[in-house]
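# Structural description and commentary
Here is how the chains run, residue by residue.
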Amino acid sequence: MIELNIIIDKLLDMKPDPIPEFILLKEFKGLSPSSREYQNAYDRVCNHSFVKKIENEQNDRGFWPPFHGYTENIIRRCLSIGLDKDHQCLKRVSDYIKKVLDNEESWDQFEKQDNIRWWPEMFVPLISAAMLSLIEPNSNLLDSHRKRWAYFAETAFSRGYYDKESETRAQHEYFGFKTKRIIPSFGYYSLILLAPTDKECYLSDKTDLSLVEYCMNCAEQIYYVYNCRLSDMVPIGIRRRDSRDFCHWLRALSLISQFNGWKKYKDKYIEWILTQRNGEGFWELPGKPVLFNFPLSNSWRNRKNRVIDSTIMVLRFLNHSRAF
């Protein structure tokens, strides 16, 4: 692979705005959190207008209504701009989610399904646990939720391929009711919750590999992330729509790349992504995507910021950063 440090140094030489500068120093240059340079850079992020807007919108209970959709996006936004789990916004929403998982709080939100129990007993706990795992991946409160969805994944892929009937039966038996809409093991929330952490792998090697194989070669979409097949390479292109497609595709790949089975595909996809650089050796999206990780720079009115933000997005993937 190319020497990423060369690209990172070139980006820093471009004098990026506070948020992309902090990301480059923290995630790629390995600046020590105890250093004065780190603390000053982080202070600039915490005092940024992007962060102040998020702080002002958070309600007294600790979330941004509605939870499903908006709060989820805000959590990803906070993490993507570099806030740590001890920042007041993430700390407050983390405490709120824990209360939801302990049935002491609720979302104040409901979507009608064919079985009234689907939303409160299947969907809400899964989404809440997945969001908590982004903020506090090693929280003990997540153990039971990870084991539950790992059991469904192990059942679904026990024969080495995806067996929807077995997965459906396992979920019906576990929850004690039938529903037309199960929650598949290859959706966004399941992937977030089941991805290996520094502490533990939640899937067997066989299931991990089968899950990745299915996502890369068989799944028509990754629910809540990308609506096309992952095996089809996506160029950055020159149209605004191209930006959207490339970003969603790369985000889906980022989720799959957290699993051990990704090693089989890593070189092929990285090689393609490297070909998408411009003549200066950077990645440059033709338009600003409507996603949680944009913008990082103060404004996209000048090309420099567009190049910096676009390149950081790709560098995070190449650096095997956590997926949101």
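These numbers were taken from a predicted model, which means no experiment stands behind them.

The next thing to look at is the environment of Ser128. Turning to its location among the elements, Ser128 is positioned in helix H7 (residues 118–135). When its relative accessible area of 0% is taken as the criterion, Ser128 is described as buried. As for Ser128 and Ser94, which are separated by 34 residues in sequence, their C-alpha atoms are 9.6 Å apart. Look past the residues within four positions of Ser128 in its chain and what remains in contact with it is Ile97, Val100, Leu101 and Trp107. In terms of polar contacts, Ser128 uses its side chain to reach the side chain of Trp107, at 3.3 Å.

The next subject is helix H5 (residues 67–80). In a regular helix each residue adds 1.5 Å, so 14 residues correspond to 20 Å; H5 covers 18 Å between its end C-alpha atoms and thus fits that length. Counting buried positions along H5 yields 11 of 14 residues, so the element is predominantly enclosed. Within the sequence span of H5, burial applies to Phe67, His68, Thr71, Glu72, Ile74, Ile75, Arg76, Arg77, Cys78, Leu79 and Ser80. One or two positions beyond H5, positive phi appears at Gly82, with a value near 105°.

Further remarks concern the packing of aromatic side chains. Enumeration over the complete set of coordinates arrives at 33 aromatic pairs. Taken together, a centroid distance of 4.4 Å and an interplanar angle of 15° make the contact between Phe63 and Tyr96 stacked. Residue Phe63 is found in the loop between helix H4 (49–57) and H5, and its partner Tyr96 is found in helix H6 (residues 88–101); the two are separated by 33 residues along the sequence. For the pair shown, Phe63 and Tyr96 are each scored as buried. Aromatic side chains Phe152 and Tyr174 sit 5.5 Å apart centroid to centroid with 85° between the ring planes, which places their arrangement in the edge-to-face category. Remark: Tyr174 occurs in helix H9 (residues 164–175) and Phe152 occurs in helix H8 (residues 143–156); sequence separation between them is 22 residues. Phe152 sits in the buried class, given a relative accessible area of 0%. Each residue in the set Phe63, Phe67, Tyr96, Trp107, Phe110, Trp118, Trp119, Phe123, Tyr188, Tyr189 and Tyr224 is aromatic and connected to the rest through ring pairs, giving one cluster. A cation over an aromatic ring shows up here: Arg251 above the ring of Tyr188, its NZ or CZ 4.9 Å from the ring centre.

Here the residue pair Pro65 and Pro66 is connected by a cis peptide bond, since its omega of -10° sits within 30 degrees of zero. Mapped onto the fold, Pro66 is located in the loop between H4 and H5. Positive phi, normally seen in glycine, also occurs at Asp108, with a value near 60°. By secondary structure assignment, the location of Asp108 is in the loop between H6 and H7. For Asp108, a relative accessible area of 54% translates into the label exposed. With a phi close to 75°, Tyr224 is a non-glycine residue in the positive phi region. Within the secondary structure, Tyr224 is located in the loop between helix H11 (205–217) and helix H12 (240–256).

Cut-offs used in this document
- Residues numbered from 1 in each chain as written.
- Predicted model: local features only at pLDDT ≥ 70, side-chain atom pairs only at ≥ 80, totals over all residues.
- Heavy atoms only, no water.
- Helix = DSSP H or I, 4+ residues; strand = E, 2+ residues; numbered from the N terminus.
- Buried < 20%, exposed > 50% of the residue type's maximum accessible area, 1.4 Å probe, protein only.
- Contact = heavy atoms within 4.5 Å.
- Polar contact = N/O pair within 3.5 Å; in protein donor to acceptor, adjacent residues only side chain to side chain.
- Expected span 1.5 Å × (residues − 1).
- Phe/Tyr/Trp six-rings, centres within 6.5 Å; stacked < 30°, edge-to-face > 60°.
- Lys NZ or Arg CZ within 6 Å of the ring centre and 35° of its normal.

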